Amino acid sequence: MTAPVIDIRDLSTRFGEVWIHRHLNLQVEQGDVVALVGGSGSGKTTLLRQIIGLLHPTLGDIRLFGEPLFGGGVHREQALRRRFGVLFQHGALFSAFNVFDNVAFPLRELGCFDEAMIHDLVMLKLSMVELLPRHARLMPAELSGGMVKRVALARALALEPELLLLDEPTAGLDPDRSDSFVRLVRQLDKELGLTVVLVTHDLDTLAALESRVAVLAEQHILALGSIEEIMAVDHPFIRNFFLSDRSRRALETH
Amino acid sequence: MLPVPLATLELLGPPGERSATLSGAWTLAGLRNAGESLERALADAMTEPDLAWNALGIDALDSAGAVRLWRAWGQALPLALLSRPEHGRIFDRLAAVPQDEAKAPPPQGPTEWIIALGRPLLVLRTVLADFLALLGQLALDLLHVCRHPADMPWKEISANLFKSGVRAMPVTALVGFLIGVVLSYLSALQLRQFGADVFIINILGMGIVRELGPVLTAVLVAGRSGSAMTAQLGVMRVTEEIDALATMGVSRSLRLIFPKVVALAIAMPLLVLWTSAMAIIGGMVSAWSQLNMSHNFFFQILPRVVPLENLWIAQGKGFTFGIAVALVACHFGLRVRPNTESLSANTTSSVVTAITAVILIDAVIAIATRGIGVPKL
Ligand SMILES: Nc1ncnc2c1ncn2[C@@H]1O[C@H](COP(=O)(O)OP(=O)(O)O)[C@@H](O)[C@H]1O
Ligand SMILES: [Mg+2]
């Protein structure tokens, strides 16, 4: 019995006087693809930032791969951090580097591959996110919003993470690219047993990924399960999110 | 604890008809753990072209492992390869990676050195042209607010006055006072040898009021407010805030640049006065402790040896330096490209250029006013 990849117990978060999360529990097993949905401002990004250790929870405990996030020396924390890849909501590309160097950066930091190998790896990652070799020389400021997302995804994939955390990966992508993004995630999930947690508002993506869905509302995880299970829950937010006419149409096509 | 992932390669069979057996975890972690010995085995395998590869033993294959094998195979699938179907897909994806079109550097002609020489000149030309355009735009803005006084950005001017004027008072006072003390102390040491103690007031008065006060203030303000202005405009460009302003029909030069220039043009002369006063007080304190010169005596002599014209020259310098520092800061702020490297480079250039410009202008003014305000002997 291996420990869950993500294990959040009784997490509470407070900004100033406002509680963003209260007694939040979430377990994600290895190989799961979990979509985190919730209203805008419900604290999805905040939860993601806590999972990757950028933010200390006010109360509660988070474990990744069965290990605590903090403590145990720099090397242990660093090794733990290399096991997951993150796609930030706004890409967070290094603006002074071009696309190639952005993706190559974590590989160079690792310091165990030569430049030729890094070049081939970067080109493979870029082609996985459907970018062309000529895009590699562009600067982040010269990219469209969707391309920024794809480069950021390529960078998140650079170190072959076991856990991938994606904050609104398909926002700003055209439907075609969203589909190929879904294909890529499913493929990685199948080939490498990747665990994926993604924040999304896009029902098409949700339905196509056949992922489990975690609903974040009222400051905790309201429900966790397949789309059908979630839709059976009677709650105003879920009714609004999944059972509106627009959502029905999206879900029926899949 | 999970077993440590490891990528392994075994070469079996007699030389000539050997086969390579791959096993373990051909992943990033597996490659790292295998280290040098694996590299040696791969290099060994690459010497034999028609090696038969058996990859059925690979438990996990990620793109790092696949790329490593791909490179060992010379960027093509080997003729004899046994692999699991799910791993085959990864290799297919590798084969489909579009090749980077060769980007050979353009041939170097015999005129290359002329081009290399000309490039900085062209950059200089665009910098000067931009600067001129900025000046022109400011002149137009000035004309505009004269015609439509309601458009005068009072709030921004007052905010800038507070930020670059009032907030700069403590640091300019401290630096001015200390410079005054040091200058007076060193002069006193020399003057005492000749019994020419009284002349300390001449030296301090003329030196500080006419030269040191304005230049010192300008250097401090360039480092303090000039860099802040450049960084602010630069970040606004990086985050597209300037574009947002433009789409709302707000003139960036009228709202962002004009107030900065006006604020420094007003604040600088006042700061010059303040800094010079502090420096003279510092000098007076030092003269009192070193030469036992009383404050009353100091204040009696000072107006006599420093004609009033010097104060006006100092005010004129302050006004000019203020405009120069603000203009240079805004110019470099607008040149920032949307990346962090450019932001830091332009902030540096802003401060360096502003200080250089101040000293150049100071030299020009010194020559132009050489007959004014100097006490006759
Ligand atoms: N650093 C912060 N300081 C104060 N409040 C914050 C901070 N970060 C986020 N918040 C607040 O927390 C709430 C959740 O934000 P966020 O996690 O970004 O929401 P979303 O679910 O849309 O990603 C919002 O109301 C936001 O205003
Ligand atoms: Mg968010």
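None of the values given here were measured: they were computed from a predicted structure.

## Focus on the overall build of chain B
Then step 1. Secondary structure summary: chain B contains twelve helices and four strands in total.
Then step 2. Compactness check: chain B gives a C-alpha radius of gyration of 35 Å against a globular reference of 21 Å for 377 residues, more than 25% above the reference.
Then step 3. Judged by the C-alpha coordinates and their principal axes, chain B covers about 105 × 60 × 55 Å.
Then step 4. Here the analysis covers contacts within chain B between residues at least 6 apart in sequence; of these, 80% occur between residues at least 24 apart.
Then step 5. Split by element, the accessible area of chain B, about 20400 Å² in all, is 68% carbon and sulfur.
Then step 6. Between the averaged position of the 28 positive side-chain charges in chain B and that of its 26 negative side-chain charges there is a distance of 15 Å.

## Considerations on helix α3 (residues 85-95) of chain B
The α-helix advances 3.6 residues per turn, and as a result positions three or four apart in sequence lie on the same side.
Then step 1. Buried within α3(B) we find B:His87, B:Gly88, B:Ile90, B:Phe91, B:Arg93 and B:Leu94.
Then step 2. Lining the buried residues of α3(B) we find α4 (115-128) and α6 (175-192) of chain A together with β3 (52-61) and α2 (63-72) of chain B.

## Quick word on the coordination of the magnesium ion (ligand 2)
All names here are of chain A.
Then step 1. In this structure, Thr-45 (OG1) and Gln-89 (OE1) serve as the protein donors to the magnesium ion (ligand 2), at separations of 2.0 to 2.6 Å. Here Thr-45, found in helix α1 (residues 44-51), pairs with Gln-89, found in the loop between β6 (84-87) and α3 (99-110); they are 44 residues apart in sequence, far enough to count as distant.
Then step 2. The class of Gln-89 is partly exposed, set by a relative accessible area of 24%.

## With respect to the interface of chain B and chain A
Then step 1. Opposite the 26 residues of chain B that make contact, chain A presents 25 residues.
Then step 2. Between chain B and chain A the total buried area reaches about 2400 Å² when both faces are included, carbon and sulfur atoms providing 64% of it.
Then step 3. By the criterion of area lost to chain A, the three top residues of chain B are B:Leu28, B:Arg32 and B:Arg93, representing 24% of everything that side buries.
Then step 4. Counting the contacts that link chain B with chain A gives one salt bridge.
Then step 5. We note a salt bridge from B:Arg71 to A:Asp120, for which the minimum N-O separation is 2.7 Å.
Then step 6. Linking chain B with chain A are eight residue pairs in polar contact (both at pLDDT 80 or more), by the criterion used here.
Then step 7. Put simply, the parts of the chain that give the side of chain B that touches chain A at least two residues each are α1 (28-46), α2, α3 and α12 (340-368) of chain B.
Then step 8. Tallied by class, the residues present in the side of chain B that touches chain A amount to ten nonpolar, five polar and eleven charged.

## Observations regarding the pattern of salt bridges
Residue and element names in this part refer to chain A.
Then step 1. Applying the stated criterion across every chain, the model contains 17 salt bridges over all chains.
Then step 2. With a shortest N-O distance of 3.3 Å, Arg-9 and Asp-7 are connected by a salt bridge.
Then step 3. With relative accessibility at 45%, the residue Arg-9 sits in the partly exposed group.
Then step 4. Classification of Asp-7 by relative accessible area gives buried; the value is 10%.
Then step 5. A salt bridge links Arg-108 to Asp-101; its shortest N-O distance comes to 3.1 Å.
Then step 6. Residue classification places Arg-108 among the partly exposed positions, given a relative accessible area of 33%.
Then step 7. Salt bridges sharing common partners tie together Glu-67, Arg-76, Arg-83 and Glu-162.

## Let's talk about the domain arrangement of chain B
Then step 1. Domain annotation of chain B identifies domain 1 (7-102) and domain 2 (129-368).
Then step 2. Look at where the C-alpha atoms of domain 1 of chain B and domain 2 of chain B centre, and you get two points 67 Å apart.

## Considering the site of ligand 1
Residue and element names in this part refer to chain A.
Then step 1. Surrounding ligand 1, one finds Phe-15, Ile-20, Gly-39, Ser-40, Gly-41, Ser-42, Gly-43, Lys-44, Thr-45 and Thr-46.
Then step 2. One of the backbone nitrogen or oxygen atoms of Ser-42 is found 3.3 Å away from an oxygen atom of ligand 1.
Then step 3. With respect to ligand 1, the side chain of Thr-45 contributes an N or O atom lying 2.6 Å from an oxygen atom.
Then step 4. Contact with the protein chains removes 54% of the 560 Å² of surface that ligand 1 exposes when unbound.
Then step 5. In terms of residue count, α1 provides more of the shell around ligand 1 than any other element does, three residues in total.
Then step 6. The class makeup of the residues in the shell around ligand 1 is two nonpolar, seven polar and one charged.

## What about the packing of helix α6 (residues 169-194) of chain B against helix α9 (residues 252-291) of chain B?
Residue and element names in this part refer to chain B.
Then step 1. Running from N to C, α6 and α9 point in directions that differ by 40 degrees, and their axes come no closer than 6 Å. When the interaxial angle is binned, α6 and α9 end up oblique. Along this stretch, α6 crosses α9, giving a crossing that reads as right-handed.
Then step 2. Looking at side-chain class alone, the contact of α6 with α9 contains 15 nonpolar, nine polar and one charged residues.

## Focus on the environment of B:Arg18
Residue and element names in this part refer to chain B.
Then step 1. Counting through the fold element by element, Arg-18 comes out in the loop between β1 (7-12) and β2 (19-26).
Then step 2. For Arg-18 and Glu-48, which are 30 residues apart along the polypeptide, the C-alpha to C-alpha distance reads 8.7 Å.
Then step 3. In contact with Arg-18, other than residues within four places in its own chain, are Leu-11, Leu-12, Gly-13, Asp-44, Glu-48, Leu-51 and Ala-52.

## Some details on a negative patch on the surface
All names here are of chain A.
Then step 1. Judged by side-chain charge, Asp-174, Asp-176, Asp-179 and Asp-204 come together as a negatively charged surface patch.
Then step 2. Within the secondary structure layout, Asp-204 lies in helix α7 (residues 203-209).
Then step 3. Judged by relative accessible area, which is 34%, Asp-204 ranks as partly exposed.

## Side note on the sheet that holds strand β2 (residues 18-28) of chain A
Residues and elements named next belong to chain A.
Then step 1. Read from one edge to the other, the open sheet built from four strands follows the order β2-β1-β4-β5, with strand pairing classed as antiparallel. Each edge of the open sheet is held by one strand with a lone partner, namely β2 and β5 (67-68).
Then step 2. Of the pairings in the sheet, the one linking strand β4 (residues 59-64) to β5 comprises two bridges and is antiparallel in character. Bridge pairing in β5 places Arg-63 opposite Pro-68.

## Details of the pairing of strand β1 (residues 6-15) of chain A
Then step 1. Examined bridge by bridge, β1(A) and β4(A) share five bridges and lie antiparallel to one another. Note on β4(A): the bridge partner recorded for A:Ile6 is A:Leu64.

## Overview of the nonpolar core
Then step 1. Ranked by internal contacts, the top residues of the largest apolar core, which has 88 residues, are A:Phe242, B:Leu9 and B:Trp26.
Then step 2. Membership of the second largest hydrophobic core comes to 36 residues, among which are B:Ala222, B:Val325, B:Ala326 and B:Ala329.

## Some details on a nonpolar patch on the surface
Then step 1. Nonpolar side chains collect at one region of the surface, where B:Val182, B:Tyr185, B:Leu186 and B:Leu189 lie side by side and expose about 340 Å² of accessible area between them.
Then step 2. By relative accessible area, B:Leu189 is classed as partly exposed at 32%.

Thresholds applied
Residues numbered from 1 in each chain as written. Chains lettered and ligands numbered in written order. Predicted model: local features only at pLDDT ≥ 70, side-chain atom pairs only at ≥ 80, totals over all residues. Heavy atoms only, no water. Helix = DSSP H or I, 4+ residues; strand = E, 2+ residues; numbered from the N terminus. Rg over C-alpha atoms; globule rule 2.2 N^0.38 Å. Contact = heavy atoms within 4.5 Å. Areas by Shrake-Rupley, 256 points an atom, 1.4 Å probe, with all protein chains shown as cover. Lys, Arg positive; Asp, Glu negative; His and termini not counted. Charge placed at Lys NZ, Arg CZ, Asp CG, Glu CD. Buried < 20%, exposed > 50% of the residue type's maximum accessible area, 1.4 Å probe, protein only. Donors = N, O, S within 2.8 Å, 3.2 Å for Na, K, Ca; no water. Buried area = accessible area lost by both parts, 1.4 Å probe. Salt bridge = Lys/Arg side-chain N within 4 Å of Asp/Glu carboxyl O. Polar contact = N/O pair within 3.5 Å; in protein donor to acceptor, adjacent residues only side chain to side chain. Nonpolar A, V, L, I, M, F, W, Y, C, P; charged D, E, K, R; others polar. Domains from an automatic or database assignment. Near = heavy atom within 4 Å. Axes fitted to C-alpha atoms, helices over the stretch in contact; angles between N-to-C directions. Parallel < 35°, antiparallel > 145°, perpendicular 65-115°, else oblique. Left-handed = near helix turned anticlockwise from the far one by under 90°. Patch = residues over 30% accessible without salt bridge, like charges linked within 9 Å, V, L, I, M, F, W, Y side chains within 5 Å. Pairing = 2+ DSSP bridges. Core = buried A, V, L, I, M, F, W, Y, C linked by side-chain atoms within 4.5 Å.

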